[in-house]
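Inside the fold
The lines below spell out each chain.
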Amino acid sequence: MQEVENIVNGQKLFLREEYQEVLENKKQFEGGMGAINPEKVEEVAEWTKSWDYREKNLAREAITVNPAKACQPLGAVMVALGFENTMPYVHGSHGCVAYFRSYFTRHFKEPTPCVSDSMTEDAAVFGGLSNMKDGLKNCAALYKPEMIAVSTTCMAEVIGDDLFAFAEAAKEEDGGEFLPEGYPITYAHTPSFTGSHITGYDNMMHGIMSQLTEGKKGEKNGKINIIPGFETYIGSIRSVKAIVEAFGAEYTMLGDHADQWDMPAGDYKMFAGGTPIEAAKDCINAEATISLQKYSTVKTMKMVQKRWKHAGGFSNPIGLKGTDEFVMKLAELTGKEVPQKLKIERGRLVDAMQDSYPYMHGKKFAIWGDPDFLIGMVSFLLEMGAEPTHVLCNNPGRGWEEEMRALLDTSPAAADCHVWAGKDLWHMRSLLFTQPVDFMIGNSYGKELMRDTGTPLIYVGFPIFDRHHLHRYSISGYDGGLNLLTWITNKVLDQLDEETKDIASTDYFFDVVR
Amino acid sequence: MGPESLEERQKAAVEEVLKAYPEKAAKNRAKHLGVGGPEDESQKTCGNVRSNKKTVPGVMSQRGCAYAGSKGVVWGPVKDMVHISHGPIGCGQYSRAGRRNYYIGTTGVDTFVTMNFSSDFQEKDIVFGGDKKLTKCLEEIDALFPLNNGITVQSECPIGLIGDDINATSKQYAKQTGQTIVPVNCEGFRGVSQSLGHHIANDTVRDYVFDGAPKVLGESIEPTEYDVAIIGDYNIGGDAWSSRILLEEMGLRVVAQWSGDATLKEMAQTTKVKLNLLHCYRSMNYISRHMEKEYGIPWIEYNFFGPTQTIKSLRKIAAFFDEGVQAKCEEVIAKYQPMVDAVTNKYRPRLEGKQVMLFVGGLRPRHVIGAYEDLGMEVIGTGYEFAHDDDYKRTKDEIFRSTVIYDDVNEYELEAFVKKLQPDLVASGIKEKYVFQKMGLPYRQMHSWDYSGPYHGYDGFAIFAKDMDLAINSPVWGHSKAPWESEGEA
């Protein structure tokens, strides 16, 4: 029973004798193997750690277990929230939208506005036109967004709804009351059964950029467009801006969701920050466009490079080398010297790397996440002399595996570095048991791997639900590199303390100075 | 409070909210909003609201889908079975391990609740159908997870649209292997909310667990006169455990938990219990009614939130049994009373008169009202994501004062109601949490217990009281205004 001066929640409550009895007693009714024959559970648990299990596991063709990817419209919602006063509108069932909003909200600890047009059985039969007519009107009336960015769920894709025609029909029927002529309703088809959330990012970004700029091609505006990609680190967007601003360059961050998911307390406004719609309309006239995530902007950048003929291209500013390349690209595009501010920042990062290198050097890492994130992170690990032993990407784009392999081949430990394209985190579990590493770098789903394999987890990635505020920091630019260095080094040191804290046995190595 | 009464303010708020809508939507939403009076016999449902209808398109509804109702609520917590999210990758990922359905087991070996199994549909599966892939998925699961006691196939939207026959595929595989394979046609577009998913899932329990006579491990349980099952408790934060202990203390034998920390065997042997105890009426009344009709098992609803309702429920349950149980029931009540008094004495003075607005799903919009009132808090608004008329009828008996009732409330409305009625605490879900916290309002998630709990039973009430005090009396809410801001400035 609870004691009023020491009320405990489930964590400790259920450890009490009376509850342990309850749980033990319950087993007689359970038919799970743990209740019937615990030895058998242990035996199978041991088998899951074996090479035999690993081979069977890696041979899976159909079932995905504990994936490290999500579906297209999630990325589309992120894009929409990066434009000023823009409502993400998902054409399909509202269940999907409840999921997108919960998912982002759990990660950012921030509200995530997004509407759906709540299609049900009748829409599945007759199409979602009437949902869209009502939905766009209601959305505009209630939330008064400057733009509505429409993406689709797999339901709408399977029945083949035509977004462009539907949006036009909605405007026509509304007669300009809530949806005036020229009111921007941008759209993208984002089928969940193709690619992943980063494909959806690409499709929505392509949709907004191509549709807003229709008929806008004119004089060059002297600006550089920056596309952050599916960026879940708010601080990274700000770091990138600071670098561009250090060059004094005029720029447009296309899809700038930093302020949307980082609102101050005090009052609630549905939308904050974002790329101004007018600036977005003019993005076709920029001098250059730089995408910070190649695999999240394949289609978008094809348009920008082939049709718009923009200079720029890809640059991944994670780690020292990545940031150097980004900085040099800006120097080239602006024709300016690298500013002193950045030179100092770089020097500080290198100084810190040289201070801490013994702790990461030679350490084996397992890492998973989106393809561009992995390229940047692995590059940084290599810069520190670490060994990225298992690099796993559940949603690699075309060419990613080769690019990652080439990167790993620059390591002296290349032979021990493995690339796992299209694999999931249950595969990772087998890899960790059979070819163990010192640390893992990944998202909250790594927690179960940490529990099962005992490998310490360093939280970098998306989603992170069970550690707070990491997303507010940067992992890009020189300052972002410093954050990564700090998090990883200190986790190595925490682990070292953990392993050396036993009194009169290991604690001779429990140094106060490291 | 101004000169207007609470009821007047509530009615004005409803009128005000409706003004923002286009005509058609306003007409629709007007039927879902109302003000309920505790003594108002003229009301058919609480606040006379209409429910279980299609959501107005284009608003920010908090509702989920049928898949969420089946995989996320009813089937997902059954721990010794593998639940496949059948279709594209997203649904399973977004619903992975978010509901805190606690269980004991070796995850990945004999239990699987927090994992995500997905058939990860690709375009070719949409074009050519996914039945072959499903068979392969079932085979691979059995090969790699040999201690699973069955597999459910939770359909995502495309399955029903592309004409896959998961029923035939599952049946064939079950025939070959003798395994329990449960196909669930819970495509997200079916129905208007999670609710139909609950119903569909209940029906599959009937068809595949009761009528399917699944193979189960171990010996069968010899029935006793005191056997009961807990139905509609998902063991969020351990709720079913802090309920179970009370039932056992009063001499009952809890044979099954549905479906938090449940096993297939527990569900299968429920048909032999003497009484079904139904907590979440909305999600599991269907199977309870079926067991009543088919197996003659009566069911009663109970409420283990807050001591007043807990005591009432314990007595109601005991009344079904002999005097021995009834006597023990009184002993249980007497045993916990000093603790309850101590908790109430400590926290009531800190919470007295604080006003609360709720928006949740299932049973909570009415069931938790008593727990707040036990602490002297006043619930002035409540509503359900996916309730039916029978829920709103039941709500009439649970409210203490004039209460604004909002069915399927959306972001815009809830924000407007809160601004207008200015409660001291908002209690709802993750999607709304930070909206209200930004306004400086204390907030508790009432789906996940905000990562605390359990809240059921006596021990749960103590945690509930402590958590509400934590939220309302935390110093952090006082920091919103900077010292250089003048009075009245936000």
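Conventions we followed
Residue indices begin from 1 for each chain and proceed along its sequence in written order. Just so you know, chain letters begin at A and ligand numbers begin at 1, following the order they were written in. Local features are withheld for residues below a pLDDT of 70 in this predicted model, meaning they are given only at 70 or higher, and side-chain atom pairs are given and counted only at 80 or more; totals for whole chains, interfaces and linings count all residues. Water and hydrogen atoms play no part in the side-chain values, which are based on all heavy atoms of the structure. Strands here are runs of E lasting at least two residues and helices are runs of H or I lasting at least four, both read from the DSSP assignment and numbered beginning at the N terminus. Computation of the radius of gyration draws on C-alpha atoms alone. For the globule rule, the value is 2.2 Å times the number of residues to the power 0.38. For every residue, the accessible area obtained with a 1.4 Å probe (protein chains only) is divided by the maximum for its type, and the residue is called buried under 20%, exposed over 50%, and partly exposed between those limits. To measure how exposed things are, a 1.4 Å probe is used in the Shrake-Rupley method; for residues, cover is taken only from the protein chains shown. Between two residues, a contact is recorded if the distance between any of their heavy atoms is within 4.5 Å. When charges are counted, Lys and Arg contribute as positive and Asp and Glu as negative, whereas His and the chain ends are disregarded. A charged residue contributes its charge at one atom only: NZ of Lys, CZ of Arg, CG of Asp or CD of Glu. By salt bridge we mean one thing: a side-chain nitrogen of Lys or Arg within 4 Å of a carboxyl oxygen of Asp or Glu. Two parts lose some accessible area (1.4 Å probe) when they are put together, and adding that loss for both gives the buried area. Here a polar contact is recorded for every N or O atom pair within 3.5 Å, except that within protein the pair must consist of a potential hydrogen donor and a potential acceptor, and residues adjacent in sequence are included only if both atoms are side-chain atoms. The residue classification treats Ala, Val, Leu, Ile, Met, Phe, Trp, Tyr, Cys and Pro as nonpolar and Asp, Glu, Lys and Arg as charged. All others, Gly included, are polar. When DSSP finds two or more bridges between a pair of strands, those strands are recorded as paired. Only the contacting stretch of a helix is used when fitting its axis, a line to C-alpha atoms as for every element, and angles between N-to-C directions run 0 to 180 degrees. With the strands aimed away from the viewer, a crossover counts as right-handed if its path from the first strand over the helix to the second runs clockwise. Between 30 and 60 degrees the pair is tilted, below 30 it is stacked and above 60 it is edge-to-face, where a pair is any two Phe, Tyr or Trp rings, Trp via its six-membered ring, whose centres lie within 6.5 Å. When the NZ atom of lysine or the CZ atom of arginine is within 6 Å of a ring's centre and also within 35 degrees of its normal, the charge is said to sit over that ring. For this analysis, a nonpolar core means a set of buried residues of the types Ala, Val, Leu, Ile, Met, Phe, Trp, Tyr and Cys, connected via side-chain atoms within 4.5 Å. Per residue, pLDDT captures the predictor's confidence, and it can take any value from 0 to 100. In this scheme, roughly parallel covers angles under 35 degrees and roughly antiparallel covers those over 145, while 65 to 115 is roughly perpendicular and the rest are oblique. Two helices crossing with the near one rotated counterclockwise from the far one by less than a right angle form a left-handed crossing, whereas a clockwise rotation gives a right-handed crossing.

Now for the overall build of chain B. Regarding its fold elements, chain B presents 20 helices and 14 strands. Relative to the 2.2 N^0.38 estimate, which gives 23 Å for 490 residues, the radius of gyration of chain B is 23 Å and therefore close to what a compact globule would have. In terms of overall dimensions, chain B has C-alpha extents of about 75 × 60 × 45 Å along its principal axes. Out of the 490 residues in chain B, the part that is buried amounts to 68%. When the accessible surface of chain B is summed, it comes to about 16,300 Å², and 50% of that surface belongs to carbon and sulfur atoms.

Turning to the overall build of chain A, a few remarks are in order. Helix and strand content of chain A: 22 helices and 14 strands. For 514 residues, the compact-globule estimate of 2.2 N^0.38 gives 24 Å, and chain A sits close to it at 25 Å. For chain A, the spread of C-alpha atoms along the three principal axes comes to 75 × 65 × 55 Å. Here the analysis covers contacts within chain A between residues at least 6 apart in sequence; of these, 72% occur between residues at least 24 apart. Across chain A, the centroid of the 51 positively charged side chains sits 3 Å from that of the 72 negatively charged ones.

This paragraph deals with the pattern of salt bridges. Residue and element names in this part refer to chain A. Inspection of every chain in the model, using the stated rule, returns 62 salt bridges over all chains. For D174, the salt bridge goes to K137, with nearest N and O atoms at 3.2 Å. Here D174 is found in helix α11 (residues 163–174), whereas its partner K137 is found in helix α9 (residues 129–143), with 37 residues between them in sequence. Of the residues examined, D174 reaches a relative accessible area of 7% and is grouped as buried. What makes K137 partly exposed here is its relative accessible area of 21%. Ionic pairing is found between K341 and E345, a salt bridge with its closest N-O pair at 3.3 Å.

It is worth spelling out the environment of I84 of chain B at this point. Secondary-structure assignment places I84 of chain B in strand β2 (residues 82–86). The exposure class of I84 of chain B is buried, given its relative accessible area of 0%. In contact with I84 of chain B, not counting residues within four places along its chain, are I63 of chain A together with F117, S119, L134, C137, L138, I141, I151, T152, V153 and Q154 of chain B.

Where interface size is given, it is often the accessible area lost as the parts come together that is meant. Counting from both sides, the interface comprises 113 residues of chain B and, opposite them, 101 residues of chain A. With both sides pooled, the region where chain B packs onto chain A buries about 9,200 Å², and carbon together with sulfur makes up 65% of that total. At the boundary of chain B with chain A, the tally comes to 41 residue pairs in polar contact (both at pLDDT 80 or more). Looking at the side of chain B that touches chain A residue by residue, the classes come out as 55 nonpolar, 31 polar and 27 charged.

As a further point, take helix α18 (residues 411–421) of chain B. A large share of α18 of chain B lies buried, amounting to eight of its 11 residues. Remark: Q422 of chain B follows α18 of chain B within two positions and exhibits a positive phi of approximately 45 degrees.

Attention now goes to the sheet that holds strand β6 (residues 227–233) of chain B. Residue and element names in this part refer to chain B. Pairing is parallel across the open sheet formed by four strands, whose spatial order is β7-β6-β8-β9. Where the open sheet ends on each side, the last strands, each with one partner, are β7 (253–259) and β9 (299–301). Across the sheet, the mean angle from the axis of one strand to that of its neighbour is 25 degrees, orientation sign disregarded. One ladder, built from three bridges, connects strand β8 (residues 275–278) with β9; its direction is parallel. Residue pairing across strands places L278 opposite E301, the latter belonging to β9.

Attention shifts here to the pairing of strand β11 (residues 378–382) of chain B. All names here are of chain B. Within β11, four of the five residues are buried, which leaves the element mostly enclosed by the surrounding structure. In the sheet, strand β10 (residues 355–358) pairs with β11 via three bridges, with the strands oriented parallel. Bridging across to β11, M357 finds its partner in G381. Handedness of the crossover is the feature at issue here: the chain leaves β11, passes through helix α17 (residues 389–395), returns alongside strand β12 (residues 403–406), and the resulting connection is right-handed.

Another aspect to go through is the environment of P146 of chain B. By secondary structure assignment, the location of P146 of chain B is in the loop between α6 (131–144) and β4 (151–155). Through-space distance from the C-alpha of P146 of chain B to that of E301 of chain B is 38 Å; in sequence the pair is 155 residues apart. When sequence neighbours within four positions are dropped, the list of residues in contact with P146 of chain B reads V44 and W47 of chain A together with I141 of chain B.

Once that is clear, we can look at the packing of aromatic side chains. By the definition in use, this model includes 41 aromatic pairs over all chains. Where F104 of chain A meets F462 of chain A, the ring centres are 6.0 Å apart and the plane angle is 40 degrees; that geometry is what we call tilted. Of the two residues, F104 of chain A sits in helix α7 (residues 94–108) while F462 of chain A sits in the loop between β14 (457–459) and α22 (477–499), which places them 358 residues apart along the sequence. Under the relative-accessibility criterion, F104 of chain A is labelled buried at 0%. Ring geometry for Y508 of chain A versus F509 of chain A: centroids 6.5 Å apart, planes at 85 degrees, classification edge-to-face. With a relative accessible area of 67%, Y508 of chain A lands in the exposed category. Each member of the aromatic cluster is reached from another via a ring pair, and the members are Y99, F100, Y103, F104, F108, F230, W261, Y445, F462 and F465 of chain A together with Y67 and Y94 of chain B. Sitting over the ring of Y281 of chain B, R394 of chain B keeps its end group 3.8 Å from the ring centre.

On to helix α20 (residues 425–434) of chain A, then. Residue pairs three or four apart in sequence face the same way in an α-helix, which turns once every 3.6 residues. All names here are of chain A. By the criterion of burial, α20 is predominantly enclosed, with 10 of the 10 residues buried. Every buried residue of α20 is listed here: L425, W426, H427, M428, R429, S430, L431, L432, F433 and T434. Two to three positions downstream of the cap, the backbone nitrogen of W426 sits 3.0 Å from a side-chain oxygen, assigning the N-cap of α20 to D424.

The next point concerns the nonpolar core. Residues and elements named next belong to chain B. I317 and Y372 are the most contacted members of the largest nonpolar core, which has 280 residues in total. Sort the elements by how many residues they give to this core and helix α14 (residues 323–351) lands first, with 10 residues. Residues in contact with Y372, not counting those within four places in the same chain, are V356, L358, M377, V379, L425, A427, M446, F464 and M468.

Now for the confidence of the model for chain B. Mean pLDDT over chain B: 96, with 99% of residues reaching 70 or higher. Taken over the whole predicted complex, pTM reads 0.98, whereas the ipTM for its chain interfaces reads 0.98.

This part is about the packing of helix α13 (residues 307–318) of chain B against α14 of chain B. Residue and element names in this part refer to chain B. Where α13 meets α14, the axes come as close as 9 Å, and the angle between the chain directions of the two elements is 170 degrees. Taken together, α13 and α14 sit at an angle that is classed as roughly antiparallel. Mapping the contact onto sequence places P307, I311, L314, R315 and A318 in α13 and V325, Q326, C329, E330, V332, I333, Q337 and V340 in α14.

A few words on the environment of F304 of chain B. All names here are of chain B. Within the fold, F304 resides in the loop between β9 and α13. Of the residues examined, F304 reaches a relative accessible area of 0% and is grouped as buried. Put simply, F304 and G460 are 156 residues apart on the chain and 8.8 Å apart in space, counted from C-alpha to C-alpha. Look past the residues within four positions of F304 in its chain and what remains in contact with it is S243, L246, L247, H279, T310, S313, L314, I317, Y455, H456 and G457.

What follows concerns the packing of helix α6 (residues 72–80) of chain A against α7 of chain A. Residue and element names in this part refer to chain A. Between α6 and α7, the least distance of the axes is 10 Å, while the angle of their chain directions is 65 degrees. As α6 packs across α7, the resulting crossing turns out to be right-handed. Facing P73, L74, V77 and M78 of α6, the residues of α7 in contact are F100, Y103 and F104. Among the residues forming the contact of α6 with α7, the class breakdown is seven nonpolar, no polar and no charged.

Now for the sheet that holds strand β8 (residues 288–291) of chain A. Residue and element names in this part refer to chain A. Taken in spatial order, the four strands line up as β7-β6-β8-β9 in an open sheet, and their pairing is parallel. Strands with a single pairing partner mark the edges of an open sheet, and in this sheet they are β7 (251–253) and β9 (311–314). Neighbour-to-neighbour, the strand axes of the sheet open up by a mean angle of 15 degrees, direction not taken into account. With four bridges connecting them, β8 and β9 associate as parallel partners. Bridge pairing in β9 links T289 to G312. Strands β6 (224–227), β8 and β9 of the sheet are contacted by helix α15 (residues 298–307), whose axis makes an angle of about 160 degrees with β9.

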